[in-house]
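# Results of the structural survey
The lines below spell out each chain.
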Amino acid sequence: MPGDAFDTRCVARLNFKPRYFAAVAIVLVSAFAPPLASQLGAVIEAPNVVALQPRPFSYRLAGEFTRDGRPLSGPLRIVQLDRTLTIMIHQVTVADYEHCVRDRGCPRIAHDSFDQPIVKVNWQDATAYAAWLSRQLGTTYRLPTDEEWAFAAGSRFSVDEYPDGAVDPGRRMLQLYEFEIDRGAPFDAAPRAIGSFGANENGIFDFAGNVWEWTDTCYVHHASRATGAETAIANCGVRVVEGRHRTYMTDFIRDPRTGGCVVGKPPLNLGFRLVRA
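The notes below deal with the structure included here. Keep in mind it's a predicted model, so treat the numbers as computed, not measured.

### A closer look at helix α5 (residues 123–137)
Compared with an ideal rise of 1.5 Å per residue, which puts 15 residues at 21 Å, α5 spans 21 Å between its outermost C-alpha atoms and is within 8% of the ideal. Where α5 is concerned, the buried positions are W123, D125, A126, Y129, A130, W132, L133 and S134. The opening residue of α5, the one whose side-chain oxygen lies 3.0 Å from the backbone nitrogen of Q124, is N122. Just beyond α5, the residue with positive phi is G138, at close to 70°.

This is the structure:
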């Protein structure tokens, strides 16, 4: 009922006089509408964040790497961010996201519990929430890059080491399959309450739990040749997603008329957290 136009034809059918109709309308609003603060949007508080000072860390570059057509692991580098990283301690929750929905800044997404991470969001949903939160608080929030996410995750960042291209491609695929199996036993895919997976050494909760997180890093295919020639082709219709391990996710488009890599709903265990610029 909130936000819907009341059918004025009801007044004629019920023979209400205007002053009585007004009183009835007030009763209806009081009985069925959410609290006024919920309708108009409660005061939005800044999310809890932690500020991490830059320092060198080990990072395996994201993307696909090949040499002469054979797959390679991404290069392992020692890197350092160029500024302090201020990142949310928790993932964005259903309750957080619902404020944006009620303010018409984000599309509505079905959910079960307000204290769980918001999931089933595509990259556009996450960036819409970041833009809305930035407007509300007067400062810039955005998705982290993959490098920033890895730095904040610390010991919970999984640096995958796959067999390199010297191996026959068929054998390599079998080794990759065995690697995935060795990750461990299956886990409950249903989102859990915020904090269920504890904090890492940086005081940030639920990294590498059972909800993966969007980053703002585009998928890049790196190709090199024995001759020394190299190419790098970016596809920003696919983004790097981080969780128990790194993967790549297309930006699901719910409305096929708008185009996009994949039409459909994002996975049930895909959420996000933001950094403050």
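That covers the picture; the talk isn't over yet.
### Structural notes on unusual backbone geometry
The phi torsion at R104 lies on the positive side, around 65°, for a residue other than glycine. Looking at the secondary structure, you find R104 in the loop between α4 (94–102) and α5. Assessed through its relative accessible area of 76%, R104 is described here as exposed. Phi is positive for A208, close to 60°, though the residue is something other than glycine.

### Some points on empty space enclosed by the protein
This structure, assessed with the given rule, holds one cavity of 30 Å³ or more. Within this model, the largest cavity holds a volume of roughly 60 Å³. What lines the largest cavity is Q91, P117, R192, A193, S196, F197, D206, G209, N210 and V211. Among the residues making up the lining of the largest cavity, the classes are represented as four nonpolar, four polar and two charged.

Procedures and definitions
Just so you know, the residues in each chain are numbered from 1, in the order the chain's sequence is written. Selection of residues for local features in this predicted model requires a pLDDT of at least 70, selection of side-chain atom pairs for listing and counting requires 80 or more, and totals for whole chains, interfaces and linings are taken over all residues. Here the side-chain values reflect all heavy atoms present in the structure, with hydrogen atoms and water set aside. Secondary structure elements follow DSSP: runs of H or I no shorter than four residues count as helices, runs of E no shorter than two count as strands, and numbering proceeds from the N terminus. Expected span of a helix: the number of residues minus one, times 1.5 Å. Exposed residues in this analysis have more than 50% of their type's maximum accessible area, buried residues have under 20%, and partly exposed residues fall in between, with area computed by a 1.4 Å probe over protein chains only. We define a polar contact as two N or O atoms separated by no more than 3.5 Å, with the added condition that, inside protein, one atom must be a possible hydrogen donor and the other a possible acceptor, whereas residues neighbouring each other in sequence contribute only through side-chain atom pairs. Put simply, the grid is 1 Å and covers the protein atoms alone, a cavity is a trapped set of points that fit a 1.4 Å probe, a pocket is an open set with protein on both sides within 12 Å along at least five of seven lines, and lining residues have an atom within 4 Å of a point. Grid points are joined across faces, edges and corners, and a volume is the space filled by probe spheres set on the points. Here the term charged refers only to Asp, Glu, Lys and Arg, the term nonpolar to Ala, Val, Leu, Ile, Met, Phe, Trp, Tyr, Cys and Pro, and the term polar to all other amino acids, Gly among them.

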